[in-house]
Structures are given as C-alpha cells and as structure tokens.
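One-letter residues, chain by chain:
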Amino acid sequence: MEWLSELKSRQGWTPARAVLRRSLAFDLGGYPPAMPYVEPLLQNLGDDGWRREAYYLVAGLFALKDGEHQEGRTLARALWEARQTRQSDSLEKRFLALLDADRDQIAHRLRQAVGLVEGALDFAQLLEDLLRWFDPKRRVQARWAREFYGAQEFGQEALAEGQGS
C-alpha cells in the first residue's frame, strides 16, 4: 500500500484522486489519464492480465474512499458492520453477489460494496485478495464469508450476553 499512501501524500492528490475515481467508470486499466498513477507500479510486475486490472481497481477504490486506509479492517468486516448499523438484509444479498462475482462483474460489485461502508478499509489486503480472487478453490471468498458471518455470530453472542445481564 506504500504506493497509494505515497501518492496521497503528494501535493497533487486531489487531481489524482479525481482521475482514479473517474477511472472506475471505464474498463480497468483503460482510462488513459489514470495510467501515470498506476503503470509505473506495474513495470516490475511484467503482467498485463488480471494483476494489472486489480491494481487499477484498488487504486480507484482507494480514491473513492479518499485514501482512508486502515490495516486489518477488511471489506467483509466493514460490510458486516454496515449491515448491523442499517439492519439491512439487502446488504447481505449484495455481499453474496460479490462473493459470486466473475471477472466481468467484480469491478462493479466492489464499487457498490465499498460505497456501502463508512470509514477506512485495508486496501493492501483487498489487493492481495483480488490477486487470488479467481483461484478455483475460492479460498478468498470462503475467508470473506467467515469474516462476514463469523462477525455476525460474534455480534449475536455479544448481544445475547448483554441481554442476560
């Protein structure tokens, strides 16, 4: 996440943020004004496939949240918190749709999900997760489900304990 944190600390963060946010409306990596911010990071990676798209997606989402990064606060946990706050079953449906997202859907569904949560996210973890998103064993999706539903169970247990006192 150093690359995004460094970008945010520069004097030109406001225009960079606007460009990166705007890039989310285009095919990942297909918005030329965003290229000066992301392509230099990819030179050493030597990959022009999903890895490149994932970097563009995370850069855009980082800009969407105005660079609010919080290590350890995963998107699954933040979505669980949003669901608890809003008492919204539709948020769970969106979460499940996100878990089932394929390469054509992932950017759109992630933009929606990130827009639903308040506060910072762990963008370094999000990038790592996206780089493994299409693993046939779906380990990332399983971990996200554990985080979302495990947090839900914890919240219900804590609530039950609070009512018993």
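So, a few notes on the structure that sits alongside this text. Small disclaimer: the values here were computed from a predicted structure and weren't measured.

**Topic: the pattern of salt bridges**
Then, in step 1: Inspection of every chain in the model, using the stated rule, returns 12 salt bridges.
Then, in step 2: With its nearest N and O atoms 3.2 Å apart, the salt bridge here joins Arg-139 to Asp-135.
Then, in step 3: Sharing partners across several salt bridges, the network here consists of Arg-73, Arg-77 and Glu-81.

**Overview of the packing of aromatic side chains**
Two numbers describe a pair of aromatic rings. These are the distance of the centres and the angle of the planes.
Then, in step 1: Across all of its chains, the model carries 8 aromatic pairs by this definition.
Then, in step 2: Seen from their ring centres, Phe-26 and Tyr-31 are 4.4 Å apart, and the 20 degrees between their planes marks the pair as stacked.
Then, in step 3: Of the residues examined, Phe-26 reaches a relative accessible area of 32% and is grouped as partly exposed.
Then, in step 4: Plain terms: the ring middles of Phe-148 and Tyr-149 are 4.9 Å apart, the flat faces sit at 85 degrees to each other, and that makes the pair edge-to-face.
Then, in step 5: On the accessibility criterion, Tyr-149 (23% relative accessible area) is partly exposed.
Then, in step 6: Through a chain of ring-to-ring contacts, the aromatic side chains of Trp-13, Phe-62 and Phe-123 assemble into a single cluster.

Rules of the game
- For every chain, the first residue of the written sequence is number 1, and numbering continues from 1 along that sequence.
- Whole-chain, interface and lining totals are the exception, using all residues; otherwise, since this is a predicted model, local features are given only for residues with pLDDT of at least 70 and side-chain atom pairs are given and counted only at 80 or more.
- Values reported for side chains reflect all heavy atoms of the structure, with hydrogen atoms and water molecules removed beforehand.
- We define a salt bridge as a contact between a side-chain nitrogen of Lys or Arg and a carboxyl oxygen of Asp or Glu at a distance within 4 Å.
- Any two of the Phe, Tyr and Trp rings considered here, Trp counted by its six-membered ring, make a pair once their centres fall within 6.5 Å; the pair's planes then place it as stacked at under 30 degrees, edge-to-face at over 60, or tilted in between.
- Burial classification: accessible surface area is computed with a 1.4 Å probe over protein chains only, and a residue below 20% of its type maximum counts as buried, one above 50% as exposed, and the rest as partly exposed.

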